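# Chain and residue survey
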Amino acid sequence: MAVDLHMHSTFSDGSESPTAIAAMAAAAGLSGIALTDHDVLDGIPEARAAAAERGLRFIGGTELSVLWREQSMHMLVYFLEPGPGPIQDRLEDLRRGRHTRNLEMVDKLRDLGLDISYDEVAREAGTGVVGRPHFAAVLIAKGYVDSVPAAFDRYLASGRPAYVPRMRLTAEEAIGLSRESRAVAVIAHPHTLHLRADEFSIGFRELVARGLGGIEAYYGEYTPEMRNRIAEICAELGIVATGGSDFHGKYKPHLAVGVGTGDLRVPDEVMDQLEQIR
Ligand code: AMP
Ligand code: ZN
Ligand code: FE
Ligand code: FE
């Protein structure tokens, strides 16, 4: 059996509801899932109920963009519930910062001569937290680009003309707040960081000393060699090698629940290991 500990729903920038995701996970033969919507925990109760109905184990979480060594790092935080709390209270600030950023990105796109309004982007997001994949969908619908990757390459990615950075915690703050919240912080898809091979394990050591619980080794878009290498580093560091698909439904159509691009398999034991180190 396998699990999938990295998925996004309609509560952020995924196209499927938590209930639909749980159904897909059960159909894929998984034993457990985690919901990791960006900066928001509101989908967790629905996901937990749907997971229970299908006999799946469940962890509530989120995915944060944090700053580490002047780079953008994604951090998954596991074992969170909606409501007040050290990390929960900061998520509100992050969502406000995101909203300001989104308005600025609309202005930039309009300055570039594109006919786009914030309302259109918000409508695409529905009740979910608005993110760049929603911008991409509007740009596609209006014929400005023909795919999500093209929208990022041309306008939305870091360094491209409509990009605006958003408010971020540092990696150290995120780990500290996670611990205060009795949650486990894990570095997501570490290869998006631009690090030399030696920096990879040495650099992470200081985050482990602060309480980092794991690194995402079994990631949908990685080769078996990359997954094994990251899992080895986790073993050396004494932290958990986690994994997940980064499922977003139609916003990342090449990634499927459980299997990612096809060959992903995240061992069930990962869920036990996360519970143990909590
Ligand atoms: P945001 O949270 O609004 O900054 O947007 C982040 C989302 O955009 C995440 O789901 C990323 O996976 C997605 N994303 C970031 N860069 C790219 C890219 N180059 N191509 C496709 N999706 C991307
Ligand atoms: Zn996303
Ligand atoms: Fe990410
Ligand atoms: Fe993600």
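Residues numbered from 1 in each chain as written. Chains lettered and ligands numbered in written order. Predicted model: local features only at pLDDT ≥ 70, side-chain atom pairs only at ≥ 80, totals over all residues. Heavy atoms only, no water.

### Here we look at the environment of Ile233
To keep it simple, the criterion reads: Numbering of helices and strands runs from the N terminus, with a helix taken as a DSSP run of H or I at least four residues long and a strand as a DSSP run of E at least two residues long. Throughout, a residue-residue contact means that at least one pair of heavy atoms, one from each residue, lies within 4.5 Å.
With respect to the helices and strands, the residue Ile233 is situated in helix H9 (residues 224–237). Measuring from C-alpha to C-alpha, the distance between Ile233 and Asp42 comes to 33 Å, with 191 residues separating the pair along the chain. When near neighbours in sequence (up to four residues on either side) are disregarded, Ile233 contacts Phe200 and Ser201.

### Some thoughts on the pattern of salt bridges
Operational definition: Salt bridges are defined as contacts in which a side-chain nitrogen from Lys or Arg sits within 4 Å of a carboxyl oxygen from Asp or Glu.
All told, the structure shown has 15 salt bridges when counted by the stated rule. Members of the salt-bridge network, linked through shared partners, are Asp39, Arg98 and Arg166.

### A few points about the coordination of the iron ion (ligand 4)
As a reminder of what qualifies: Note that water is not among the atoms considered, so a metal site may appear incomplete; the donors listed are N, O and S atoms within 2.8 Å of the metal, with 3.2 Å applied to Na, K and Ca. Here the term buried applies to any residue with accessible area under 20% of the maximum for its type, exposed to any over 50%, and partly exposed to those in between, with areas from a 1.4 Å probe on protein chains only.
Coordination of the iron ion (ligand 4) by the protein involves His6 (NE2), His8 (NE2), Glu63 (OE) and Asp246 (OD), with metal-donor separations of 2.1 to 2.2 Å. Between consecutive donors of the iron ion (ligand 4), the numbers of intervening residues give the motif H-x1-H-x54-E-x182-D. In this structure, the iron ion (ligand 4) is positioned 4.5 Å from the zinc ion (ligand 2). Of the two residues, His8 is situated in the loop between strand E1 (2–4) and helix H1 (18–27) and Asp246 in the loop between strand E8 (240–244) and strand E9 (266–267); the sequence distance between them amounts to 238 residues. Grouping residues by exposure puts His8 and Asp246 together as buried.

### Notes on the coordination of the iron ion (ligand 3)
Protein-derived ligands of the iron ion (ligand 3) are Glu63 (OE), His74 (ND1) and His189 (NE2), with the metal-ligand distances lying across 2.1 to 2.2 Å. Mapping the donors of the iron ion (ligand 3) onto the primary sequence yields the spacing E-x10-H-x114-H. Between the two metal centres, the iron ion (ligand 3) and the iron ion (ligand 4), the spacing is 3.4 Å, with Glu63 acting as a shared donor. Taken together, the residues span a long stretch of sequence, with Glu63 in strand E3 (residues 57–68) and His189 in the loop between strand E6 (184–187) and helix H8 (197–210) at a distance of 126 residues. Comparing Glu63 with His189, the two get one shared label, buried.

### Quick look at the pairing of strand E2 (residues 30–35)
Defined as follows: DSSP bridges decide pairing: two strands pair if at least two such bridges lie between them. When the strands point away from the viewer, a crossover counts as right-handed if the route from the first strand across the helix to the second turns clockwise.
The element E2 is largely enclosed, with a buried count of 6 among its 6 residues. As paired elements, E1 and E2 share 3 bridges and run parallel to each other. Along E2, the bridge assignment pairs Ala2 with Leu30. The parallel pair E1 and E2, bridged by H1, forms a crossover whose chirality is right-handed. Two strands pair when backbone bridges link them, and E2 and E3 are joined in this way by 4 bridges, in the parallel orientation.

### Some words on the packing of H8 against H9
Let me state the cut-off plainly: Helix axes are fitted only over the stretch in contact, all axes being lines through C-alpha atoms; the angle between N-to-C directions runs from 0 to 180 degrees. Each angle gets one of four labels, with under 35 degrees taken as roughly parallel, over 145 as roughly antiparallel, 65 to 115 as roughly perpendicular, and the rest as oblique. Put simply, a crossing is left-handed when the front helix is turned counterclockwise from the back one by less than a right angle, and right-handed when it is turned clockwise. Residues are grouped as follows: Ala, Val, Leu, Ile, Met, Phe, Trp, Tyr, Cys and Pro are nonpolar; Asp, Glu, Lys and Arg are charged; every other residue, Gly included, is polar.
Interhelical geometry of H8 versus H9 gives an angle of 45 degrees and a closest axis separation of 11 Å. Taken as axis vectors, H8 and H9 run oblique relative to one another. The handedness of the crossing between H8 and H9 comes out as right-handed. Contacts from Phe200, Ser201, Phe204, Arg205 and Val208 in H8 reach Ile230, Ile233, Glu236 and Leu237 in H9. Class assignment of the residues belonging to the contact of H8 with H9 gives a composition of 6 nonpolar, 1 polar and 2 charged.

### Re the site of ligand 1
Under the convention used in this document: Whether a residue is near a molecule or strand is decided by its heavy atoms; if any one of them lies within 4 Å of it, the residue is near. N or O atoms within 3.5 Å of each other form a polar contact, as long as, within protein, one can give a hydrogen and the other can take it, and as long as residues adjacent in sequence are counted only when both atoms are side-chain atoms. Values of accessible area rely on a 1.4 Å probe in the Shrake-Rupley scheme; residue burial ignores everything except the protein chains shown. Here a cavity denotes a set of grid points, spaced 1 Å apart and computed over the protein atoms alone, in which a 1.4 Å probe fits but from which it cannot get out, and a pocket denotes an open set meeting protein on both sides within 12 Å along at least five of seven lines; residues with an atom within 4 Å of a point are reported as lining. Molecules are considered to sit inside a cavity or pocket once more than half of their atoms lie within 2 Å of its grid points.
Surveying the vicinity of ligand 1 reveals the residues Asp13, His38, Arg98, Arg101, Gly131, Arg132, Pro133, Phe152, Arg166, His248 and Lys252. At a separation of 3.0 Å, an oxygen atom of ligand 1 approaches a polar side-chain atom of Asp13. With respect to ligand 1, the side chain of Arg166 contributes an N or O atom lying 3.0 Å from an oxygen atom. Computed on the free molecule, ligand 1 has an accessible area of 510 Å², of which 79% lies beneath the protein chains in the complex. More than half of the atoms belonging to ligand 1 lie within 2 Å of the grid points that define the largest pocket.

### Comments concerning the environment of Leu41
Its place among the elements puts Leu41 in the loop between E2 and helix H2 (44–53). Sequence-wise, Leu41 and Thr62 are 21 residues apart; in three dimensions their C-alpha atoms are separated by 6.6 Å. Among all residues touching Leu41, those that are not within four sequence positions of it are Gly61, Thr62, Leu80, Glu81, Pro82, Gln88 and Leu91.

### Overview of the domain arrangement of the protein
Applicable threshold: These domain limits were set by an automatic method or by a database of domain assignments. The buried area of a pairing is the accessible area, by a 1.4 Å probe, that goes missing from both parts when the two are put together, added over both.
What the domain assignment lists for the protein is domain 1 (2–91 + 168–277) and domain 2 (98–156). Between the C-alpha centres of domain 1 and domain 2 the distance comes to 25 Å. Across the contact, 9 residues belong to domain 1 and 9 residues belong to domain 2. Between domain 1 and domain 2, the buried area comes to about 740 Å², and carbon and sulfur atoms account for 52% of it. Our enumeration of links across domain 1 and domain 2 arrives at 2 salt bridges. Its salt-bridge partner being Asp39, residue Arg98 comes within 3.1 Å of it at the nearest N-O pair. Remark: the boundary between domain 1 and domain 2 carries 5 residue pairs in polar contact (both at pLDDT 80 or more).

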